[in-house]
Every structure is written in C-alpha cells, then in structure tokens.
Amino acid sequence: MTSSTPDSSGGRTTTTPTGSLQGNSRRGDRLFFVASAGSGILLLVIMAAIAGFLLYRSGIALSKDQTNFFTTFEWDPDNILKPSFGIAVLTFGTIVSGCIAMVLAVPLAIAIALFISHYAPRKIAQPFAYLVDLLAAVPSIVYGLWGALFLVPHLAGLTSWMNTYLGWTYIFRTTHQGAPARNLFTTGILLAIMILPIITAVSREVFRQVPRSHEEAALALGATRWEMIRTAVLPFGRPGVISASMLGLGRALGETMAVAIVLSSSNVLSLHLLDAGGGTFAQNIALKYSEAGPAGKDALMASGLVLFVITLLVNGGARLIIARRKEYSGANA
Amino acid sequence: MAKRIDVSGLSAYYGATKAIEDISMTVEPRSVTAFIGPSGCGKSTFLRTLNRMHEVIPGARVEGKVLLDDENLYASNVDPVAVRRTVGMVFQRPNPFPTMSIYDNVAAGLKLAGIRKKSVLDGVVENSLKGANLWKEVSGRLNKPGAGLSGGQQQRLCIARAIAVEPQVLLMDEPCSALDPISTLAIEDLIGELKERFTIVIVTHNMQQAARVSDRTAFFNLAGVGQPGKLVELDDTQRIFSNPSVQATEDYISGRFG
C-alpha cells in the first residue's frame, strides 16, 4: 500500500522553444502523481474505515456477551436475558472446509495448469484454458444449487463407503448413517470445485512465464519432460502457485451462498467430517442477518471481524513463505 | 571421454521452413571445432541437432544422420534424453537454475541421473567447479543462489553443470556473447583446458575468438533470405583464416560481407 514518489529527475525533459534548460511545470507528471497517490490513500482510508467500523460494533457486541466468545458453540445474541454467542463452531467449520478444499483443489489445479501450459498441444490447450476461465465466472449461487441438488444426493454413496472403509480414521466415521450429506466434507468438495478455476488460471500463467532458457537448461542435462518440470518449472512457479492458492483459500473462507445452501447449519462441532451440520462465518452471517436484532447484528459483525483477521493471518503467512526464499525466486535472473 | 561426431546429409526444419540443408562433416574427438557465419545461417540450429535439442521446439524436425562414434543419434530406438546426457550443452545466455544454490545447480544433472549419495555429489561438484575454474571463487558459498553470481561466473557455473555429468561432447552456443572481455577470456582459457577431456563444438560470432580457441573452423552461409543455411567449408582454423579454399569464406573473414 505504498505509493512511491516519482523520481523528479525522471521523465523526459521538454525544453522550451527558446532553448532554455529551466524546467517547466511538467503538469502531466504532477497530475499523474496526485491521481496515483490519491488512489492509494483512498484505499487506505477505506480499509481503515472498514476495520474501525468492525472494531467498534464488535466491541459493543462483545461487551454484552455473557459467555466466552472463542469457546462457545451456540449463537444466541438476541436473547435478552442472557445474550450468548461464540465462534468455536464457525472457526472450526470455516478452517476445516477451507482445508479440505485446498487439499483437493491445489494438486488438481497444478496438474491442470501444467497440462495446459506444458503438455497439451496448442490446439487443445487454448480452448481448455478458456473453459477453465469460464468456470471461474460461474456465479457461486449456481455452484450452491448444483451442490445441493446434485452433489449432496450423489455423495450419499461415497459417504457410506468412506464410513465403512475409512471409518477407522475417526474423522471419516459418521454417527448418523443415512442422513443427507450436508456436512463439512461435502462443503469442502464444493468449495474445491469453486476455487479450482482461479488457482488453475493463475498457476497456468505463472508456469507459462518460466523462461524457455531454464527449461532448455534442464532438457540439455538429460531431463525428461516431467523431470524438466520438476527441476525448472515447479520451483520457478512456486511463489506464484502459493499466491494463487491464497486467492483460492480467500474465496473458500469467505464463500457464503454456496455454503449456506449445502451445509445444514447447526451448533454442533463434530470431528466426524461426514456428520451433517456445522457452520462457517460467512454462512452464519448470511443465514442470521435478516432475523437478527441490533445486538445480533453487532454479534455478526464481531464474527466478521474474526474472519477478516483469519484471512489476514493466512495471507501474511503465505507472504512470509514467499519472502523467505526470495533470493531464490528467479526474479533477479 | 570424448567421441567423434560424423554428420551426413543433415537437414533441419522449423515447420515447413528448411533452416539448414544437407550438411555433412566430421568433428574430431578432443578438439575444438568452431562454427562461424552470418546471423541466420543456421549454425545454432545445426549445433542443436547434435544433441537433439532442435526437436524440443514445436514443429521442428531433422532429416539425416548424426553418428557419435558409430551410433546414429537419430536411429528410431535412440532416446533423446539419453543423447542429451551424452552430449552436453552451454547456452548463449547464462541460465543457472534461479531456484537452486550453486551446489544444487552443479549437482542437478547427477540428481537427474539418479545419483543421490552425498559423498559422490560432493566430490563431483568440487571437481566440476574446479574444472570450470570457478571453485576458488565460490567454494565458500556453495549454498548461495547461483543467480547471485556475476554473468561470467554464471556462465562458468553452467559449464560446471554441463561437465558434471561427464558428457562425451560439449556444445557451446555463443557462450561469451553476453559476457565482458575479461569473463570471455576466462571462458576461452577454460575451453583450452576442457578440450583435453571433451570434444567441443562452439558457435561464435566473434572471428577472433574462433581463431583463438579452435582447432578446426566451419564456415556456414546462406544463399539469401528465406534460403536454408549450408556448410561452405570446414578446415583447420589456421587455413580458414589464412588461405581458405572458398571465396565466400575469405570475403566473410576479411569483412567484405556479413
């Protein structure tokens, strides 16, 4: 969020017709500086306003909360006698569904991106890439409807199969057999499908940026195509793939409508991912907002602030990972 | 560790465009052969046919034979990956892997060949860097990124990387064109040492360089724009630069064209 001051000696010096070297005002430069610096400052102001607003309303809500905000399962802020609400279920559901989505989507996205950038013949790669971009443009409500009407009924079989054969893992055991698959696992799968296009599209562009000379260096050492990709393409694309994954994770953490439709909302925190029920921050806000009273709205605001902080932490972590290997990024090659 | 190259009737194409036509020549083992000629005459293309790197470009193909001792590199049962392990290459611009340390750059080829033993890698890395006259400069910072070296050091790192896998032949595609005169001299001295162990083929735009480093020189030319490049003559370097048998070679060397 920094706007650099323009180099005053930069830019083309236009001499006046008399041939004097005294500088003119360079109105264009100054105008551009004001416009770009102004936009930067405006962005900071908006961010600060949002953060301040969230903090203020959250403060009101938290002062009324009769229970521990972080460990409480239920969400009952409008209870006049004992307003109590907590984010335990929401935090768990948001992070778990986001993790499932990442685990499923990132490897698949990398594979598709490599297929488009390095394996497919150009005739196939082009339409394929276009198709992926198109998937990114599908509205999330459409994904949500598809998830509820197609994915949930069709995953019932998979759910019982996993319960039978993977039940020993504890997380894939289900206590209520036969219930519709409106659980965190299904939500994770749906989120994975939703974030797949954006991760694929960004990774594909990163893989395409790999200098031809690096790929040829690997090939000339006797690398097969896959070895060339492992030696030259993947390490070069690593920071970009991490950024792409963070974009995807950001969308998964904040996804509202699709989760609201697919996941049955409940105050239950279950480590059995195939058990129906659970909740995420965005879903909870979407479901509760319309019937929330003033206290309820403040409470939702507080949960929004937590989501905001989680997203910031995740992004900060990703930046740290990228910065740690900066001298190996290839940016100075 | 050096083999003779016998090329016969070799033509190379980019799609429908013929880049070089009907080239035949012999490259002696443990010698330096320089390719000179005007831009676009196909010297680099020809060089890349000698380790089957030409065909990695989409639509590119090769006709003819390249014998390495008695084995045809273009026989149907030959694996291009194996060819490239036998015939190493150094490129025009230094291209160390930016994501790897100096050590890992040199060890990259060995790791591709499945060699993982630390003691073996350590020895080869040291010997290759010594062979590339780079050891003294980098021995204290083997774990620093290869991209942090100067251009000349990077190019010597690339040479170390190429010789680490003990190829039979070393191809160099204008290895000094991106370097300053001091670094160029270092590479030229190195070429003189490396020819004791390897068969070296070098493409260069710099005729003094060809005269300085090579034993034999091949002059390539093309009849006109859009025409394929051809080998005009190949002879001892001394003869090419003093008394070439073809008029076009003399014109090129004396600066009358090109």
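Keep in mind it's a predicted model, so treat the numbers as computed, not measured.

## Quick word on the packing of aromatic side chains
Residue and element names in this part refer to chain A.
Step number 1: Applying the stated rule across the entire model yields 11 aromatic pairs over all chains.
Step number 2: Measuring from ring centre to ring centre gives 5.9 Å for Phe-69 and Phe-85, while their planes differ by 80°; the resulting arrangement is edge-to-face. Highlighted residues: Phe-69 in the loop between α1 (27-64) and β1 (75-76) and Phe-85 in strand β2 (residues 84-85), separated in sequence by 16 residues. Across the pair, Phe-85 and Phe-69 agree in class, each one buried.
Step number 3: Ring pairs connect the aromatic residues Phe-69, Phe-70, Trp-75 and Phe-85, which therefore count as one cluster.
Step number 4: Positioned above the aromatic ring of Tyr-289 is the side chain of Lys-297, whose terminal nitrogen or guanidinium carbon lies 4.8 Å from the ring centre.

## Regarding the domain arrangement of chain A
Residues and elements named next belong to chain A.
Step number 1: Each assigned domain of chain A is listed with its residue range as follows: domain 1 (27-64) and domain 2 (84-328).
Step number 2: Its C-alpha centre places domain 1 at a distance of 29 Å from the equivalent point of domain 2.
Step number 3: Each partner contributes residues to the interface: domain 1 has eight residues there, and domain 2 has nine residues.
Step number 4: Both sides of the domain 1 and domain 2 interface together cover about 870 Å² of buried area, and 77% of this is carbon and sulfur.
Step number 5: Inspection of the region where domain 1 meets domain 2 yields one salt bridge.
Step number 6: Linking domain 1 with domain 2 are one residue pair in polar contact (both at pLDDT 80 or more).
Step number 7: Here the side of domain 1 that touches domain 2 is built from residues that sort into five nonpolar, one polar and two charged.

## Notes on the interface of chain A and chain B
Step number 1: Facing 23 residues of chain A, the contacting portion of chain B comprises 26 residues.
Step number 2: Carbon and sulfur atoms supply 63% of the area that chain A and chain B bury against each other, a total of about 2100 Å² over both sides.
Step number 3: The three residues of chain A that bury the most area against chain B are Ala220(A), Leu221(A) and Tyr328(A), which together make up 32% of that side's buried surface.
Step number 4: The interface formed by chain A and chain B includes two salt bridges.
Step number 5: Across the pair Glu227(A) and Arg85(B) runs a salt bridge, and its minimum N-O distance is 3.6 Å.
Step number 6: Applying the counting criterion to the chain A and chain B interface returns four residue pairs in polar contact (both at pLDDT 80 or more).
Step number 7: Elements with a minimum of two residues in the side of chain A that touches chain B: α6 (212-220) and α7 (225-254) of chain A.
Step number 8: Tallied by class, residues from the side of chain A that touches chain B come to 11 nonpolar, seven polar and five charged.

## Some thoughts on the pairing of strand β2 (residues 17-27) of chain B
Residue and element names in this part refer to chain B.
Step number 1: Relative to β2, strand β1 (residues 5-14) is paired through seven bridges, and the arrangement is antiparallel. Bridge pairing in β2 links Asp-6 to Thr-26.
Step number 2: Hairpin remark: β1 followed by β2, antiparallel, with two residues in the connecting loop; positive phi at Gly-15, about 60°.

## Notes on the pattern of salt bridges
Residue and element names in this part refer to chain B.
Step number 1: Scanning the entire structure with this criterion turns up 22 salt bridges over all chains.
Step number 2: For Glu-28, the salt bridge goes to Arg-4, with nearest N and O atoms at 3.3 Å. Within this pair, whereas Glu-28 is found in the loop between β2 and β3 (32-36), its partner Arg-4 is found in the segment before β1, the two being separated by 24 residues in sequence.
Step number 3: Here Arg-156 ties to Glu-137 by a salt bridge, and the two come within 2.9 Å at their closest N and O atoms. Highlighted residues: Arg-156 in helix α6 (residues 151-164) and Glu-137 in helix α5 (residues 135-138), separated in sequence by 19 residues.

## Focus on α6(A)
Residues and elements named next belong to chain A.
Step number 1: Extensive coverage of α6 is indicated by the burial of seven of its nine residues.
Step number 2: Along α6, the residues that are buried comprise His-214, Glu-215, Glu-216, Ala-217, Ala-218, Leu-219 and Ala-220.
Step number 3: Just beyond α6, the residue with positive phi is Gly-222, at close to 90°.

## So, the side chain of Asn95(B)
Step number 1: Take Asn95(B): it is sitting in the loop between β6 (87-90) and α3 (102-112).
Step number 2: A polar contact is formed between the side chain of Asn95(B) and the side chain of Arg161(B), at a distance of 3.0 Å.
Step number 3: Every residue in contact with Asn95(B), bar those within four places of it in the chain, is listed here: Ser213(A), His214(A), Ala217(A), Cys158(B) and Arg161(B).

## Remarks on the side chain of Glu227(A)
Step number 1: Looking at where Glu227(A) falls in the secondary structure, it is placed in helix α7.
Step number 2: Within the structure, Glu227(A) has its side chain in polar contact with the backbone nitrogen of Thr224(A) (distance 2.8 Å).
Step number 3: Excluding its chain neighbours within four sequence positions, the residues that come into contact with Glu227(A) are Gly222(A), Arg85(B) and Leu112(B).

## Observations concerning the nonpolar core
Residue and element names in this part refer to chain A.
Step number 1: Judged by nonpolar contacts, the single largest core of 52 residues is most densely connected at Trp-75, Ile-87, Phe-185, Ile-195, Ile-199 and Phe-281.
Step number 2: Counting only elements with at least two residues in this core, the list comes to α2 (88-119), α4 (140-166), α5 (184-208), α7, α8 (257-262) and α10 (294-324).
Step number 3: By residue number, the principal contributor to this core is α5, which donates 10 residues.
Step number 4: Those residues in contact with Phe-185 that sit more than four places away from it in its chain are Ile-100, Leu-158, Met-162, Phe-172, Leu-273 and Leu-274.

Calculation notes
- Residues numbered from 1 in each chain as written.
- Chains lettered and ligands numbered in written order.
- Predicted model: local features only at pLDDT ≥ 70, side-chain atom pairs only at ≥ 80, totals over all residues.
- Heavy atoms only, no water.
- Phe/Tyr/Trp six-rings, centres within 6.5 Å; stacked < 30°, edge-to-face > 60°.
- Helix = DSSP H or I, 4+ residues; strand = E, 2+ residues; numbered from the N terminus.
- Buried < 20%, exposed > 50% of the residue type's maximum accessible area, 1.4 Å probe, protein only.
- Lys NZ or Arg CZ within 6 Å of the ring centre and 35° of its normal.
- Domains from an automatic or database assignment.
- Contact = heavy atoms within 4.5 Å.
- Buried area = accessible area lost by both parts, 1.4 Å probe.
- Salt bridge = Lys/Arg side-chain N within 4 Å of Asp/Glu carboxyl O.
- Polar contact = N/O pair within 3.5 Å; in protein donor to acceptor, adjacent residues only side chain to side chain.
- Nonpolar A, V, L, I, M, F, W, Y, C, P; charged D, E, K, R; others polar.
- Pairing = 2+ DSSP bridges.
- Core = buried A, V, L, I, M, F, W, Y, C linked by side-chain atoms within 4.5 Å.

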